[in-house]
Amino acid sequence: MKCKLIATAAVFLSLTLSAPLAFASGGGPVTAAEPLGVEKDATSFTQEINKDLLKVLPFKDSRDFVNAQKGFIARGEKVIKDGAGNIIFSTKEFDFMQDLKKKAPATVNPSLWRQMLLVNIAGLFKVHEHIYQVRNYDLSNLTVIEGKSGLIIMDPLVSAEAAKAALDLYFEHRPKKPVVAVIYSHSHVDHFGGVRGVVNEADLKAGKVKIFAPYDFMENAIAENVMAGNAMSRRASYMYGNVLPKDVKGQHRGRFGFYDLFREGHTDHTDKFHRRRLGRSCHRWTAF
């Protein structure tokens, strides 16, 4: 089964799992619960720790903010909805973080605040000749590689709606070519769940589109996202605070940074702030 999986199986998996697994990865639509009490200011202990951190890390180094905006083309949508009008993904609620020069409030770790300002930079970017990226349309980034005969899409986000919106933004500014291949970099749902927003099953069956994924992709996707799905959902609630009010005393974007090897001008000095695991190495790949 490992090497004989077909494209329709992969698409079926993304269709059936994308909605519930959004919660496992911290993405997707979440209805906020009523606050359990009054939001509190930072204690004197928290404020002191945050002040000390300002003396340790090189916050005056602004190169990441320059690099994060390189190649910017257009902002695009702030709110992405499904056909029924339900909000699938929204950055509008985080407009209080639009000012990139705004200093961290007392309630937020200044290093996390800095990271979230960078994460909040959204839209279509030119990474390199024939390589474009749509950032902050979902939990991950959608990358478009332009070939002579068509487009290669890498990591089509969590939901079909977000992936379609991202591709539509790309087509507003670049020639409209057919999608001929999709690459799943790994088995987290935010890197394959939105595939139906960029390809359809008819083209897959006709051989017009190929899907490439790491070896044992299906096994790992099911083991991690289904078998461990409930535990991951609970963990995500603690990690991301997705039911907290979205403000400087609640949720201020406790999500992953959008840095990766495709980002133009990528510099090592970012690691002074955050040690990031760039992902598991996949030496063996299989085409569905």
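The preceding data block contains the structure.
Let's talk about a nonpolar patch on the surface
And then number 1: Taken together, the side chains of Ile222, Val226 and Met227 present a nonpolar region at the surface, about 290 Å² in accessible area.
And then number 2: Along the chain, Ile222 falls in helix α7 (residues 217–227).
And then number 3: Accessibility expressed as a relative area gives 35% for Ile222, which makes it partly exposed.

Here we look at the pairing of strand β5 (residues 131–135)
And then number 1: By the criterion of burial, β5 is predominantly enclosed, with 5 of the 5 residues buried.
And then number 2: Taking every second residue as pointing to the same face, both faces of β5 are buried, with Ile131, Gln133 and Arg135 on one and Tyr132 and Val134 on the other.
And then number 3: The pairing of strand β4 (residues 123–128) with β5 spans 5 bridges and is antiparallel. Bridge pairing in β5 places Phe125 opposite Gln133.
And then number 4: Two successive antiparallel strands, β4 and β5, enclose a turn made up of 2 residues, where His130 displays a positive phi of approximately 70°.
And then number 5: Where β5 lies against strand β6 (residues 142–146), 4 bridges are found, and the strand directions are antiparallel. When the bridges of β6 are listed, Ile131 appears paired with Ile145.
And then number 6: From the end of β5 to the start of β6, which pair antiparallel, there are 6 residues, and Asn136 there has a positive phi angle of about 60°.

Quick word on the layout of surface pockets
And then number 1: Approximately 520 Å³ is the volume found for the second largest pocket.
And then number 2: Taken together, 21 residues line the second largest pocket, and the ones lying closest to its centre are Leu54, Phe59, Lys102, Lys103 and Ala104.
And then number 3: Breaking the lining of the second largest pocket down by element, the ones donating at least two residues are α2 (44–56) and α4 (110–119).
And then number 4: Counted by class, the lining of the second largest pocket contains 11 nonpolar, 3 polar and 7 charged residues.

Comments concerning the nonpolar core
A general tendency of soluble globular proteins is for nonpolar side chains to be buried together.
And then number 1: By size, the foremost hydrophobic cluster in this structure holds 36 residues, and its most contacted members are Val182 and Val198.
And then number 2: Elements that contribute at least two residues to this core include exactly β3 (87–90), β5, β6, β7 (151–154), α5 (160–171), β8 (179–183), β9 (210–214) and α7.
And then number 3: It is α5 that provides the largest number of residues to this core, a total of 8 residues.
And then number 4: In terms of nonpolar packing, the next biggest core, distinct from the first, is built from 11 residues, Val108, Trp113, Met116 and Ile121 among them.

A word on the pairing of β4
And then number 1: One ladder, built from 2 bridges, connects strand β1 (residues 72–74) with β4; its direction is antiparallel. Across the sheet, Phe72 pairs through a bridge with Phe125, a residue of β4.

A short note on the packing of aromatic side chains
And then number 1: Scanning the entire structure with this criterion turns up 7 aromatic pairs.
And then number 2: The interplanar angle of 65° and the centroid separation of 5.4 Å between the aromatic rings of Phe72 and Phe125 together place this pair among those described as edge-to-face. Here Phe125 lies in strand β4 and Phe72 lies in strand β1, a separation of 53 residues in the sequence.
And then number 3: Centre to centre, the rings of Phe94 and Phe96 are 6.2 Å apart; their planes meet at 40°, and the pair counts as tilted.
And then number 4: Among the residues examined, Phe94 registers a relative accessible area of 4% and is labelled buried.
And then number 5: One aromatic cluster in this structure is built from Tyr132, Tyr170 and Phe171.

Focus on the side chain of Asp190
And then number 1: Looking at the secondary structure, you find Asp190 in the loop between β8 and α6 (201–205).
And then number 2: Looking at Asp190, its side chain comes within polar contact range of the side chain of His191, at 3.2 Å.

Cut-offs and rules
- Residues numbered from 1 in each chain as written.
- Predicted model: local features only at pLDDT ≥ 70, side-chain atom pairs only at ≥ 80, totals over all residues.
- Heavy atoms only, no water.
- Patch = residues over 30% accessible without salt bridge, like charges linked within 9 Å, V, L, I, M, F, W, Y side chains within 5 Å.
- Areas by Shrake-Rupley, 256 points an atom, 1.4 Å probe, with all protein chains shown as cover.
- Salt bridge = Lys/Arg side-chain N within 4 Å of Asp/Glu carboxyl O.
- Helix = DSSP H or I, 4+ residues; strand = E, 2+ residues; numbered from the N terminus.
- Buried < 20%, exposed > 50% of the residue type's maximum accessible area, 1.4 Å probe, protein only.
- Pairing = 2+ DSSP bridges.
- 1 Å grid on protein atoms, 1.4 Å probe; cavity = no way out; pocket = protein on both sides within 12 Å on 5 of 7 lines; lining within 4 Å.
- Points joined across faces, edges and corners; volume = space filled by probe spheres on them.
- Nonpolar A, V, L, I, M, F, W, Y, C, P; charged D, E, K, R; others polar.
- Core = buried A, V, L, I, M, F, W, Y, C linked by side-chain atoms within 4.5 Å.
- Phe/Tyr/Trp six-rings, centres within 6.5 Å; stacked < 30°, edge-to-face > 60°.
- Polar contact = N/O pair within 3.5 Å; in protein donor to acceptor, adjacent residues only side chain to side chain.

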